[in-house]
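Chains, contacts and geometry: an overview
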Amino acid sequence: MWAKLDDGFHSHPKVRKAGNAAVGLFARLLSYAGQHMTNGIVVGALARDYGTAPQLRKLTAVGLLHEHGHGCGTCVQPDPGDYVVHDFLDSNPSRAQIKQARDKDARRKRSERNREPAQPRNRDESRTDGSRNAPHPNPDPHPDFDNAPQVSDGCRTGRLAGARVDPSRPDPGSLPDGREPSPQHPPRTAPAAGIPDFARKLADRLAQVGVHVAWGTDSQDRQDLRHLMDTIPVEHLVQHAVRTWNPNNPPRTIRYLIKVWAGLPAVPANAPLHPAAGGTTGPPALSTGEQRAAQGLALAARLRAQETDIDRPLEALE
């Protein structure tokens, strides 16, 4: 429900005399009366909970509220301890009027639900817009498309069976990534199996420490990996891979480690490795903050690698 407030209320002499604090209380009491359909009656306990005694005295003094026993000839008489909003029913519907309007609306809705289903109108019967039902001269916007289905056998990114072929667009199954090149998705070469020659030392060291991944890479992967190996020594890459390695949930491809290494800063060729915990060989000891940062980088890289792997052929992940 709602309650009306005159647009000249802000400058009314009673409002100016009562002050902003008391007028704010009045607005809340007006809203309460409208919501609960009280015909302007406000329970005294609620009024005293919403405002202070001085504020209520100001509102009754200027005539915005009336107490029990008031002499206003147009307002209803509240019970002792309660209040009534002055001239509430002059601007707002009474409880009986609201109930009558709701009952009328309910009857109308019941009548609409019980009415016979409307017959579909054709062009001659429609009085509002006959052109909307007029037949279109050519319902097919592409009449020149080949109606023969095209399906890319053996490729999960091909068109669905029975799909029409647009001669101006290539078959997605013939594209390396299963989608047309665009500024957002530049073309990438097909993945190549096997370890690149420049990364054999890195692959051997990873295998020695128990980090086993598949080496299906494309041109972008190899370019990123070569850049990493040019700026970070192999032993540092291996050491960081051991830190982030989770044997219970290992990644499938080298792409995961490439994403992890991408967050590392450049390291000089002669920089020493981090000391291992207890002076023994193995993963270096990390502070709690470093562990959390490494785990966060590893998780982000794993998610990025998994998102990319979804669109890659399965044989490239082996």
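Here the structure is a predicted model, which is why all the values come from computation and not from measurement.

**Here's the deal with the packing of helix 2 (residues 20–36) against helix 4 (residues 53–62)**
Contact pair helix 2 / helix 4: the axes reach a minimum separation of 9 Å and the direction vectors enclose 80°. As far as their axial angle goes, helix 4 and helix 2 are roughly perpendicular. Taking contact as the criterion, the partners of Ala 21, Ala 22, Val 23, Leu 25, Phe 26 and Leu 29 in helix 2 are, on helix 4, Gln 55, Leu 56, Lys 58 and Leu 59. Looking at side-chain class alone, the contact of helix 2 with helix 4 contains eight nonpolar, one polar and one charged residues.

**With respect to the packing of aromatic side chains**
Under the definition given, this model contains one aromatic pair. Taking 5.7 Å as the distance between ring centres and 15° as the angle between the ring planes, the aromatic pair formed by Phe 9 and Phe 26 counts as stacked. Of this pair, Phe 9 sits in the segment before helix 1 (13–18) while Phe 26 sits in helix 2, placing them 17 residues apart in sequence. For the pair Phe 9 and Phe 26, a shared accessibility class is recorded, and that class is buried. Above the ring of Tyr 50, the side-chain terminus of Arg 28 is found at 3.9 Å from the ring centroid. The cationic tip of Arg 226 hangs over the ring face of Phe 198; the distance from NZ or CZ to the ring centre is 4.0 Å.

**A word on empty space enclosed by the protein**
If you walk through the whole model with that rule in mind, you get one cavity of 30 Å³ or more. Approximately 50 Å³ is the volume found for the largest cavity. Residue assignment for the lining of the largest cavity shows that the elements contributing at least two residues are helix 2 and helix 6 (95–114). For the lining of the largest cavity, the class distribution of residues is seven nonpolar, four polar and one charged.

**Considerations on helix 9 (residues 234–244)**
In an α-helix, one full turn covers 3.6 residues, which means residues spaced three or four apart are oriented alike. For helix 9, a buried count of eight out of 11 residues is recorded, marking the element as mostly surrounded by other parts of the structure. All of the buried residues along helix 9 are Val 234, His 236, Leu 237, Val 238, Gln 239, His 240, Ala 241 and Thr 244.

**Considerations on the layout of surface pockets**
A volume near 370 Å³ is recorded for the largest pocket. Lining the largest pocket we find 18 residues, and of these Asp 6, Phe 9, His 86, Asp 87 and Ser 91 sit closest to its centre. Take the lining of the largest pocket: its biggest share by element is three residues, from helix 5 (residues 88–91). Of the residues belonging to the lining of the largest pocket, the class tally is eight nonpolar, five polar and five charged.

**Notes on the confidence of the model for the protein chain**
In the predicted model, the protein chain carries a mean pLDDT of 75, and the fraction of residues at 70 or more is 61%. Counting contacts from residues 277–286, a segment whose pLDDT is below 50, to residues more than four positions away or on other chains yields 16 contacts.

**Quick word on the packing of helix 9 against helix 10 (residues 254–261)**
Close contact between helix 9 and helix 10 brings their axes to 10 Å; oriented N to C, the two are set at 105°. Considering the angle they form, helix 9 stands roughly perpendicular to helix 10. Between helix 9 and helix 10, the contacting residues are Leu 237, His 240, Ala 241 and Thr 244 on the first element and Tyr 256, Leu 257, Val 260 and Trp 261 on the second.

**Focus on the side chain of His 66**
Relative to the helices and strands, His 66 resides in strand 2 (residues 65–67). Classification of His 66 as buried rests on a relative accessible area of 11%. A distance of 2.9 Å separates a polar atom in the side chain of His 66 from a polar atom in the side chain of His 86. Setting aside its immediate chain neighbours within four residues, His 66 contacts Cys 72, Cys 75, Pro 78, Asp 82, Tyr 83, Val 84 and His 86.

Conventions and cut-offs
Residues numbered from 1 in each chain as written. Predicted model: local features only at pLDDT ≥ 70, side-chain atom pairs only at ≥ 80, totals over all residues. Heavy atoms only, no water. Axes fitted to C-alpha atoms, helices over the stretch in contact; angles between N-to-C directions. Helix = DSSP H or I, 4+ residues; strand = E, 2+ residues; numbered from the N terminus. Parallel < 35°, antiparallel > 145°, perpendicular 65-115°, else oblique. Contact = heavy atoms within 4.5 Å. Nonpolar A, V, L, I, M, F, W, Y, C, P; charged D, E, K, R; others polar. Phe/Tyr/Trp six-rings, centres within 6.5 Å; stacked < 30°, edge-to-face > 60°. Buried < 20%, exposed > 50% of the residue type's maximum accessible area, 1.4 Å probe, protein only. Lys NZ or Arg CZ within 6 Å of the ring centre and 35° of its normal. 1 Å grid on protein atoms, 1.4 Å probe; cavity = no way out; pocket = protein on both sides within 12 Å on 5 of 7 lines; lining within 4 Å. Points joined across faces, edges and corners; volume = space filled by probe spheres on them. pLDDT = per-residue confidence, 0-100. Polar contact = N/O pair within 3.5 Å; in protein donor to acceptor, adjacent residues only side chain to side chain.

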